[in-house]
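Read off the chains here:
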Amino acid sequence: MYKILISDKLGQAGLDRLDEMDDMAYEMITGLSKSELIAAIPEYDALIIRSGTKPDADIIAAGEKLKVIGRAGIGVDNVDIEAATQNDVLVMNTPRANSVATAEQTMALMLAVNRNTTPAHNSLAAGEWDRATYVGSELDGKTLGIIGFGYIGRLVAHRAAAFGMNIIAADPYVSEASAAESGAQLLPLSELLARADIISLHSVVTPETLNMIDEGAIEQMKDGVVIVNVARGKLIDEQALADAISSGKVGAAALDVYQQEPPEGSPLIGLPNVLHTPHLGASSREAQRRVAVEMVEQVADALRGIEYRNVINPPA
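Only a predicted model underlies this, so the values are computations on that prediction, with no experimental measurement involved.

Enquirer: Which residues make up empty space enclosed by the protein, and what values do they have?
Expert: Counted according to the given criterion, the structure contains one cavity of 30 Å³ or more. Space inside the largest cavity adds up to approximately 30 Å³. Residue lining of the largest cavity: Asn229, Gly233, Ile236, Glu238, Leu241, Leu255, Val257, Tyr258 and Leu268, and that is the complete set. Class assignment of the residues belonging to the lining of the largest cavity gives a composition of six nonpolar, two polar and one charged.

Enquirer: Outline helix H11 (residues 238–247), listing residues and values.
Expert: Listed as buried for H11 are Glu238, Ala240, Leu241, Ala242, Ala244 and Ile245. At its buried positions, H11 is contacted by helix H10 (215–219), strand S10 (225–229), strand S11 (250–255) and strand S12 (274–276). Measuring from the side-chain oxygen of the N-cap residue of H11 to the backbone nitrogen of Gln239 gives 3.2 Å; that N-cap residue is Asp237. Phi turns positive, to about 95°, at Gly248, one or two residues after H11.

Enquirer: So, the packing of helix H5 (residues 99–114) against helix H7 (residues 151–162): which residues are in play, and what are the values?
Expert: A packed helix pair is summarised by two numbers, namely the angle formed by the two axes and the spacing between the axes. Contact pair H5 / H7: the axes reach a minimum separation of 9 Å and the direction vectors enclose 50°. As judged from the angle between their axes, H5 and H7 are oblique. For the element pair H5 and H7, the recorded crossing hand is right-handed. Two secondary-structure elements touch here, H5 through Ser99, Val100, Thr102, Ala103, Glu104, Thr106 and Met107 and H7 through Tyr151, Ile152, Leu155, Val156, Arg159 and Ala160. Residue classes in the contact of H5 with H7 are distributed as eight nonpolar, three polar and two charged.

Enquirer: An account of the packing of helix H1 (residues 12–19) against helix H12 (residues 285–304) is requested, with residue identities and associated values reported.
Expert: Put simply, H1 and H12 touch, their axes get as near as 7 Å, and they point 30° apart. It follows that H1 is roughly parallel to H12 by the angle criterion. Pair H1 / H12 crosses with right-handed handedness. Facing Ala13, Gly14, Arg17 and Leu18 of H1, the residues of H12 in contact are Arg289, Ala292, Val293, Val296 and Glu297. Here the contact of H1 with H12 is composed, by residue class, of five nonpolar, one polar and three charged.

Enquirer: A description of the environment of Asn122 should follow, citing residues and the corresponding values.
Expert: If you trace the backbone, Asn122 turns up in helix H6 (residues 117–125). Judged by its relative accessible area of 45%, Asn122 falls in the partly exposed class. Along the primary structure Asn122 and Gly150 are separated by 28 residues, whereas in three dimensions their C-alpha atoms are 36 Å apart.

Enquirer: Can you break down the sheet that holds strand S4 (residues 68–71) residue by residue, with the values?
Expert: Pairing is parallel across the open sheet formed by five strands, whose spatial order is S2-S1-S3-S4-S5. For this open sheet the edge positions go to strand S2 (24–28) and strand S5 (90–93), each flanked by a neighbour on one side alone. Recorded for the sheet is a direction-independent mean angle of 20° between the axes of neighbouring strands. As judged from the four bridges shared by strand S3 (residues 46–49) and S4, these two strands associate in the parallel manner. Looking at S4, one finds that Ile48 is bridged to Gly70. H1 rests against strand S1 (2–6) and S2 of the sheet, and its axis sits at about 150° to S2. Along the sheet face, H12 touches S1, S2, S3, S4 and S5 and points at about 165° away from the line of S4.

Enquirer: Describe the nonpolar core, with residues and values.
Expert: Core analysis: the biggest nonpolar cluster contains 30 residues, and Ile147, Ile199, Ile213, Met221, Leu241, Val250 and Leu255 have the highest contact counts within it. Breaking this core down by element, the ones donating at least two residues are strand S7 (166–170), helix H9 (189–195), strand S9 (198–201), H10, S10, H11 and S11. Considering every element that reaches this core, the biggest residue donor is H11, with five residues. With 29 residues, the next largest nonpolar core counts Val113, Val156, Val174 and Ala252 among its residues.

Enquirer: How would you explain the environment of Leu187 if you had to name every residue and give the values?
Expert: Inspection of the secondary structure assignment puts Leu187 in the loop between strand S8 (185–186) and H9. The class of Leu187 is buried, set by a relative accessible area of 9%. Apart from residues no more than four positions distant in its own chain, Leu187 is found in contact with Ile168, Ala169, Ala170, Leu192 and Arg195.

Cut-offs applied
Residues numbered from 1 in each chain as written. Predicted model: local features only at pLDDT ≥ 70, side-chain atom pairs only at ≥ 80, totals over all residues. Heavy atoms only, no water. 1 Å grid on protein atoms, 1.4 Å probe; cavity = no way out; pocket = protein on both sides within 12 Å on 5 of 7 lines; lining within 4 Å. Points joined across faces, edges and corners; volume = space filled by probe spheres on them. Nonpolar A, V, L, I, M, F, W, Y, C, P; charged D, E, K, R; others polar. Buried < 20%, exposed > 50% of the residue type's maximum accessible area, 1.4 Å probe, protein only. Helix = DSSP H or I, 4+ residues; strand = E, 2+ residues; numbered from the N terminus. Contact = heavy atoms within 4.5 Å. Polar contact = N/O pair within 3.5 Å; in protein donor to acceptor, adjacent residues only side chain to side chain. Axes fitted to C-alpha atoms, helices over the stretch in contact; angles between N-to-C directions. Parallel < 35°, antiparallel > 145°, perpendicular 65-115°, else oblique. Left-handed = near helix turned anticlockwise from the far one by under 90°. Pairing = 2+ DSSP bridges. Core = buried A, V, L, I, M, F, W, Y, C linked by side-chain atoms within 4.5 Å.

Structure below.
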């Protein structure tokens, strides 16, 4: 019997699927501190997490029986991949399970920030009828710059094209022909920054992309550019963006993710022309079900030695 610890909330559909497996036992214990997780992990064969748990080298080393860490979602920047590899622990994710939800959240924020939906709602809810203040901008005819042209970036491109947008993309790992198949013109990042009316981020966090939207990058952008981020908060230097919004260089921003979550002390919270949501990119009922079921099935198959899907560190 394999034992799985689930340390972040997982969708009920995933738990139901585990209940159907005769060779898997699990416990879902959320809110564990690092010391509590270190004390608990030695008896488990696998750990399933979301973004809340951060398995570092100490936690991974304490997992005497640990064979698999499953990240229910895309980003694995909260996992010490090097430590996992050194300890022969597989790290896997579910890269496409919540992709549609994330792409739709991107479009929702893009539309809302360009049409002033939130401040207009708040104004009307306060008893005002002020149409002139909240005149917005259309997406039709605008140039959308997508930074990171993987699966989600391509889903966003497909949806944005339906709104009549011109799509340009920057991604060092994508060919011009591949981008063209998704209706995008592939450009160097500097050229994308200079041409885009709206910039949407869809990169993973690496040493190269950490704080990639900084003062220097913003200086290359058009005046009044709109920035949308439903990827990772660490892609943006928050102080640089806050300063650019305050100065008017950046016209508006729509943010679902932050350097620190919750974003305590962020200079962006409460700024005019900034639309916020609390990391809801993957938070659709459909996505939560897919993520949970796919994750538990991947972990179970890996523990059984049947199949290894979506492994981040194959050398392990």
